[in-house]
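Examining the three-dimensional arrangement
Chain by chain, the residues run as shown.
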Amino acid sequence: MSKEPVAVVGVGQTKHVAARRDVSIAGLVREAARRALDDAELGWADVDAVVIGKAPDFFEGVMMPELYLADALGAVGKPMLRVHTAGSVGGSTALVAANLVAARVHGTVLTLAFEKQSESNAMWGLSLPIPFQQPLLAGAGGFFAPHVRAYMRRSGAPDTVGSLVAYKDRRNALKNPYAHLHEHDITLEKVQASPMLWDPIRYSETCPSSDGACAMVLTDRVGAARAARPPAWMLGGAMRSEPTLFAGKDFVSPQAGKDCAADVYRQAGIADPRRDIDAVEMYAPFSWYEPMWLENLGFAAEGEGWKLTESGVTELDGDLPVNMSGGVLSTNPIGASGMIRFAEAALQVRGQAGEHQIDRARKVLGHAYGGGSQFFSMWLVGSEPPDA
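Residues numbered from 1 in each chain as written. Predicted model: local features only at pLDDT ≥ 70, side-chain atom pairs only at ≥ 80, totals over all residues. Heavy atoms only, no water.

**Comments concerning the overall build of the protein**
- Of regular secondary structure, the protein possesses 13 helices and 11 strands.
- For 388 residues, the compact-globule formula gives about 21 Å, and the C-alpha radius of gyration of the protein, at 19 Å, lands near that figure.
- The C-alpha extent of the protein, read off along each of the three principal axes, is 55 × 45 × 45 Å.
- With 388 residues in all, the protein has 60% of them scored as buried.
- Sequence separation of at least 24 residues holds for 77% of the intrachain contacts in the protein that already meet a minimum separation of 6.
- Put simply, the protein shows about 14,700 Å² of open surface, and 55% of that area lies on carbon and sulfur atoms.
- Within the protein, one finds 36 positive and 44 negative side-chain charges whose respective centroids are separated by 1 Å. (Helix = DSSP H or I, 4+ residues; strand = E, 2+ residues; numbered from the N terminus. Rg over C-alpha atoms; globule rule 2.2 N^0.38 Å. Buried < 20%, exposed > 50% of the residue type's maximum accessible area, 1.4 Å probe, protein only. Contact = heavy atoms within 4.5 Å. Areas by Shrake-Rupley, 256 points an atom, 1.4 Å probe, with all protein chains shown as cover. Lys, Arg positive; Asp, Glu negative; His and termini not counted. Charge placed at Lys NZ, Arg CZ, Asp CG, Glu CD.)

**Examining the sheet that holds strand 10 (residues 363–370)**
- In spatial order, the strands read 3-2-4-7-1-8-11-10-9; together these 9 strands make up an open sheet with mixed pairing. Each end of this open sheet is capped by a strand with a single partner; those strands are strand 3 (80–83) and strand 9 (279–281). Between one strand axis and the next, the sheet turns through 25° on average, direction left out of account.
- Direction of pairing for strand 1 (residues 7–13) relative to strand 7 (residues 211–219): antiparallel, over a ladder of 6 bridges. Looking at the pairing, Val 11 lines up with Met 216 of strand 7. (Pairing = 2+ DSSP bridges. Axes fitted to C-alpha atoms, helices over the stretch in contact; angles between N-to-C directions.)

**Here's the deal with the pairing of strand 7**
- In terms of burial, strand 7 is largely enclosed, as 9 of its 9 residues are buried.
- Both faces of strand 7 are covered, namely the face carrying Asp 211, Ala 213, Ala 215, Val 217 and Thr 219 and the face carrying Gly 212, Cys 214, Met 216 and Leu 218.
- Two elements, strand 4 (residues 108–116) and strand 7, share 9 bridges in a ladder whose sense is antiparallel. Bridging across to strand 7, Leu 112 finds its partner in Ala 215.

**A short note on the nonpolar core**
- Counting 79 residues, the largest nonpolar core has Leu 112, Tyr 265, Tyr 289, Leu 297, Phe 299 and Leu 365 as the members making the most contacts within it.
- Broken down by element, the residue count for this core peaks at 9 residues, all from helix 1 (residues 25–40).
- When near neighbours in sequence (up to four residues on either side) are disregarded, Leu 297 contacts Ala 261, Tyr 265, Pro 273, Met 282, Leu 365, His 367 and Met 378.
- Val 8, Ala 113, Met 216 and Ala 346 belong to the second-largest nonpolar core, a separate cluster that totals 38 residues. (Core = buried A, V, L, I, M, F, W, Y, C linked by side-chain atoms within 4.5 Å.)

**Concerning the UniProt feature "domain: Thiolase C-terminal" (unreviewed entry) in the protein**
- Under the UniProt annotation, the feature "domain: Thiolase C-terminal" (unreviewed entry) is placed at residues 243–372.
- End-to-end, the C-alpha atoms of residues 243–372 are 8 Å apart, and along that stretch the chain is 38% helix and 8% strand. (UniProt positions renumbered as here; feature names shortened; annotations may be inferred.)

**Focus on a nonpolar patch on the surface**
- Taken together, Phe 58, Met 63, Met 64 and Leu 67 make up a surface patch of nonpolar side chains, about 460 Å² in accessible area.
- For Leu 67, the position within the fold is in helix 2 (residues 66–69). (Patch = residues over 30% accessible without salt bridge, like charges linked within 9 Å, V, L, I, M, F, W, Y side chains within 5 Å. Salt bridge = Lys/Arg side-chain N within 4 Å of Asp/Glu carboxyl O.)

**Looking at unusual backbone geometry**
- Asp 199 connects to Pro 200 through a cis peptide bond whose omega is 10°.
- Relative to the helices and strands, Pro 200 is located in the loop between strand 5 (196–198) and strand 6 (201–202).
- Phi is positive for Arg 360, which is not a glycine, with a value near 55°.
- Relative to the assigned elements, Arg 360 resides in the loop between helix 13 (334–350) and strand 10.
- Of note, the phi angle at Ser 373 is positive, near 50°, even though the residue is not glycine.
- Along the polypeptide, Ser 373 turns up in the loop between strand 10 and strand 11 (375–382).

**A few points about helix 11 (residues 289–296)**
- Most of helix 11 sits inside the fold, with 8 of its 8 residues counted as buried.
- Taken together, the buried positions of helix 11 are occupied by Tyr 289, Glu 290, Pro 291, Met 292, Trp 293, Leu 294, Glu 295 and Asn 296.
- One or two steps after helix 11, the chain reaches Gly 298, where phi turns positive at roughly 90°.

Here is the structure:
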């Protein structure tokens, strides 16, 4: 029996900010869920199951929060699943929900991911104490900076590429009312003059710490036929993982990322991603990861990704727009960051992305990664169903 086609009929986000002190975690997730249901013109009773995800529980210090969030999400008496795959969790949570629909286990599923980073300190939460780690770095940037330097050596990329990505994404964020950072006075010179945090990553080339949630309503063909607005159809989706450390691991272009993308492209019948995919919402928490992931995902040959960035291909009006919403560089509620990429891809093919909507958005890739470049989740969504 073939899989049931999966459609995105509702998308909802909170306004992402540094601290949402006006709501609890329950209030935060309900806000996003309510907006997704409103977009789908559905009520809580129309949802068959809920799939929720977030980053490590110690980020807020609330263990297994899904147990007390069931009431806020209309999940009392309904199946509710929790997903966790580090920073890629927003993407993998959406894929678990999609698979429940594809397998005809449920007809309509609400999926949601969140983080309330203001209630803890994620940077130090990611910095393991002695003796578990040498005292040589602080936060994720300290871990990933050597991989960026390795990419620069391998590719010969000039040291200005990171600032070009940051300048682009922060300008894109100005067109997205839900984005955390709205730097109206941003200039390339300001990005390049910002303090160096982890060589070669500057302050303006790194992601913020955000409070926020994102939700989507996924449904089957019958639900899509009743949808009030054009749906986004999942054309392919996959997850892959590999160990954080092993002999021969390529930190610049991990094999799990290549395998994940290849599986998605196979499912969707994509022969040439550079030609067949119109845009990408990419998980790039540090600016240099745009050119790195362009190569990992097959949009550029090894060592050539930075040339796409430098030539303007990834700009909002370029040939392959990347992070039209402003990306993780502008909004980063860690647990939700991957789902925001997936949701923004869906908004593009539905023609509902507002000021950051691009033309010709027929097929858009949503991408997430997490851990030590070890967890990957991706989906490709389109404006037409997979059997059209």
